[in-house]
Amino acid sequence: RALSSSVPRSRSIPSFASSSSSSARVSPQDMLLLLLATSGLLLPGIGEKVVTHATSAADVRSWVEEHCSAPGVVGFDTETRPSHRKGRPNPPAVIQLSTMHACLVAQVYVAPRHRLGRRGAWVESAREAREGADGVRHALTATLEDRSILKAGVGVDNDAIDLWQFWGLEVNGRVELAGVAERSRSLARLLATTTGVELSKPKALQASDWAAPLGERQVAYAAADAWAGRAIYERLSSLDASSFGLDAVAALLDAGERSCCELYAMRRARQAARAALADVAAQLGEEGLPHRLGSGEESHASAKRVITALSGHARTVARSLADSKDTRLPVDSVLDAAPEIDEVSTLGREDRSGVVQRK
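Just so you know, these numbers come straight off a predicted model, no measurement behind them.

> A description of the overall build of the chain should follow, citing residues and the corresponding values.
Within the chain, the regular secondary structure consists of 13 helices and 12 strands. Looking at the chain as a whole, 44% of its 359 residues qualify as buried. The long-range fraction of contacts in the chain, counting pairs at least 24 apart against all pairs at least 6 apart in sequence, stands at 69%. Of the roughly 18400 Å² of accessible surface on the chain, a fraction of 50% belongs to carbon and sulfur atoms.

> Summarise the packing of helix α3 (residues 57-67) against helix α4 (residues 127-145); cite the residues concerned and give the values.
Across the interface, α3 lies against α4 with an axial gap of 7 Å and an inter-helix angle of 25 degrees. When the interaxial angle is binned, α3 and α4 end up roughly parallel. Of the residues in α4, those touching α3 at Ala-57, Val-60 and Val-64 are Gly-135, Val-136, Ala-139, Leu-140 and Thr-143. Split by residue class, the contact of α3 with α4 holds 6 nonpolar, 2 polar and no charged.

> Mind laying out the pairing of strand β4 (residues 103-107), listing which residues take part and the relevant values?
Extensive coverage of β4 is indicated by the burial of 5 of its 5 residues. Neither face of β4 is open: one carries Cys-103, Val-105 and Gln-107, the other Leu-104 and Ala-106, and all of them are buried. As paired elements, strand β1 (residues 51-54) and β4 share 4 bridges and run parallel to each other. Opposite Ala-54, over in β4, you have Ala-106 as the bridge partner.

> Describe the state of the cysteines, listing the residues and the values that go with them.
By the definition in use, this model includes 0 disulfides. Cys-261 supplies the cysteine sulfur nearest to Cys-260, a cysteine that is in no disulfide, at a spacing of 8.9 Å. Cys-260 gets classed as buried once you look at its relative accessible area, which sits at 0%.

> So what's going on with the environment of Thr-52? Residues and values would help.
Looking at where Thr-52 falls in the secondary structure, it is placed in strand β1. Judged by its relative accessible area of 15%, Thr-52 is buried. Not counting residues up to four positions away in its chain, the partners in contact with Thr-52 are Trp-63, Cys-103, Leu-104 and Val-105.

> Lay out helix α8 (residues 216-239) in plain terms, naming residues and giving numbers.
Across its 24 residues, α8 extends 35 Å between first and last C-alpha, which sits within 8% of the 34 Å expected from 1.5 Å per residue. Most of α8 is tucked away, with 18 of its 24 residues classed as buried.

> Can you break down the confidence of the model for the chain residue by residue, with the values?
Confidence in the prediction for the chain averages 77 pLDDT; 68% of positions are at 70 or higher. For the stretch residues 1-26, pLDDT sits under 50, and the model shows 42 contacts to residues farther than four places along the chain or on other chains. Contacts for the low-pLDDT stretch residues 37-48, under 50 throughout, to residues beyond four places or in other chains number 33 contacts.

> With reference to specific residues and values, describe helix α10 (residues 246-256).
Working note: α-helix, 3.6 residues per turn, so residues spaced by three or four point in the same direction. Three or more residues of α10 are buried, namely Val-249, Leu-253 and Gly-256. One side of α10 carries all its buried residues, which in axial view fall inside an arc of 90 degrees. Summarising the geometry of α10, the exposed residues directed more than 90 degrees from the buried face are Asp-247, Asp-254 and Ala-255. Close packing links the buried residues of α10 with β7 (149-153), β8 (174-176), α8 and α9 (241-244).

> Any chance you could break down the pairing of strand β2 (residues 72-80) for me, citing the residues and the numbers?
The buried fraction of β2 is high, at 8 of 9 residues. Direction of pairing for β2 relative to β7: parallel, over a ladder of 4 bridges. Within β7, the residue paired with Gly-75 across the bridge is Ala-152. With 6 bridges joining them, β2 and strand β3 (residues 92-98) adopt antiparallel strand pairing.

Rules and cut-offs
Residues numbered from 1 in each chain as written. Predicted model: local features only at pLDDT ≥ 70, side-chain atom pairs only at ≥ 80, totals over all residues. Heavy atoms only, no water. Helix = DSSP H or I, 4+ residues; strand = E, 2+ residues; numbered from the N terminus. Buried < 20%, exposed > 50% of the residue type's maximum accessible area, 1.4 Å probe, protein only. Contact = heavy atoms within 4.5 Å. Areas by Shrake-Rupley, 256 points an atom, 1.4 Å probe, with all protein chains shown as cover. Axes fitted to C-alpha atoms, helices over the stretch in contact; angles between N-to-C directions. Parallel < 35°, antiparallel > 145°, perpendicular 65-115°, else oblique. Nonpolar A, V, L, I, M, F, W, Y, C, P; charged D, E, K, R; others polar. Pairing = 2+ DSSP bridges. Disulfide = S-S within 2.5 Å. Expected span 1.5 Å × (residues − 1). pLDDT = per-residue confidence, 0-100. Arc of directions from axis to C-beta.

Shown next, in the form of structure tokens:
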């Protein structure tokens, strides 16, 4: 029904073959096809491969040569194995790139050990898988560094910092779509606002082990995230070509884009500022005051006023160190002026049989 109602009859609908899918499940290729179709952005002649799960350098090179021409724009995102130890983040394990009609899900890190299922035994990862991930990472270096290939998404600076911190990868041409900090929007909210597609974000998939060999549902989830960034950019550029056109964005980034090293230093400065101000606030707590005024209630109120002011200053410092004013795009003003979308489609919500359900 989604295909027949959303795709013009004059367009040919590509066929998809997936040897790993069964009749009760929707393959990553078909999930992306549904996303493209329900958003009204399906392009003819896509071919048989929509999602490429790259586990070797050859997979990456083949996809980049076929789909990633410069100058151009790709959706960009990363996935990381969750860390359950405070202050001990894990390295990014998956990098996703997407055009409007093809996605690359590239595993750049496979941990030495991974768990079989959510509560299964820990097993050693295959050496071939780990070496393949290393090759994938190196094969992506030139594409990530290329300033003429813009990488659009939400939270792209934070993803770039992590890639630089752990792998020494420099990500240039970063296009942040979330808007200013005060009105920052999530990827799913932006996609719904701009294209009318609601992207389901299952917590179980978000928190899954991305440093283990990827399953079909993980690949589909990762591909949809990257495609969403590209689709959002496509819509914004159609609403305001003077601000979001390829040449305009490239010129803006050429003039003011910060390096990943500078972004990392700013993140550390934010963390240090928050920690220092939190320490002062703790010292000004009632028990930390050397003397009390009157009954003690007045001194407590005075200290609370100072603590509140310090909290406000901490947020101001954090925002100032996070804000890329030189490369900020007018996302909020463009969306405020855009017409509302009446019909919404949902991708990624599954019933017990695993079939994708859509409004």
